[in-house]
Amino acid sequence: MGWCNFCSPKEPAPPARKVDARPNVRSTASKQRIELNVGGQRYTTSRATLESCPNSHLARLIEEEPEEDGVYFLDRDGRLFSFMLNFLRDGTEDFV
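On a predicted model such as this, the values are computed, not experimentally measured, just so you know. (Residues numbered from 1 in each chain as written. Predicted model: local features only at pLDDT ≥ 70, side-chain atom pairs only at ≥ 80, totals over all residues. Heavy atoms only, no water.)

## Focus on the pairing of strand S1 (residues 33–38)
- Where S1 lies against strand S2 (residues 41–46), six bridges are found, and the strand directions are antiparallel. The residue of S2 that forms the bridge with arginine 33 is serine 46.
- Following S1, the chain reverses through two residues before pairing antiparallel with S2; glycine 39 in that reversal takes a positive phi of roughly 60 degrees.
- Bridge count between S1 and strand S3 (residues 72–74): three bridges; the pairing is parallel. Bridge pairing in S3 places valine 38 opposite leucine 74. (Pairing = 2+ DSSP bridges. Helix = DSSP H or I, 4+ residues; strand = E, 2+ residues; numbered from the N terminus.)

Take a look at the structure:
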């Protein structure tokens, strides 16, 4: 499945995520801020935004450990990625 398949209702949701016990992680994992480097452009978003479509590439990406600098890297066009984040934040109803 490609990373553009955001929400596939036919696939089951992944198993519940374990809360990270590292000291710099907030107690509620869904409110944790995530730093992304997409094609050289930096984005900050919430874990809940990236997990809003549980079967997406982005949701699976943050199950892994970030790079050494604490940032997740995506080799994609950073200028266009803001549209994807807005889709995840707003859903299909408000996506323009």
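## Quick word on the confidence of the model for the protein
- Predicted confidence across the protein gives a mean pLDDT of 77, with 65% of residues reaching 70 or more.
- Below a pLDDT of 50 lies the segment residues 1–6, which in the model reaches 17 contacts outside its immediate sequence neighbourhood of four places, other chains included.
- Across residues 19–27, confidence stays below pLDDT 50; counting only partners more than four residues off in sequence or on other chains, it has six contacts. (pLDDT = per-residue confidence, 0-100. Contact = heavy atoms within 4.5 Å.)

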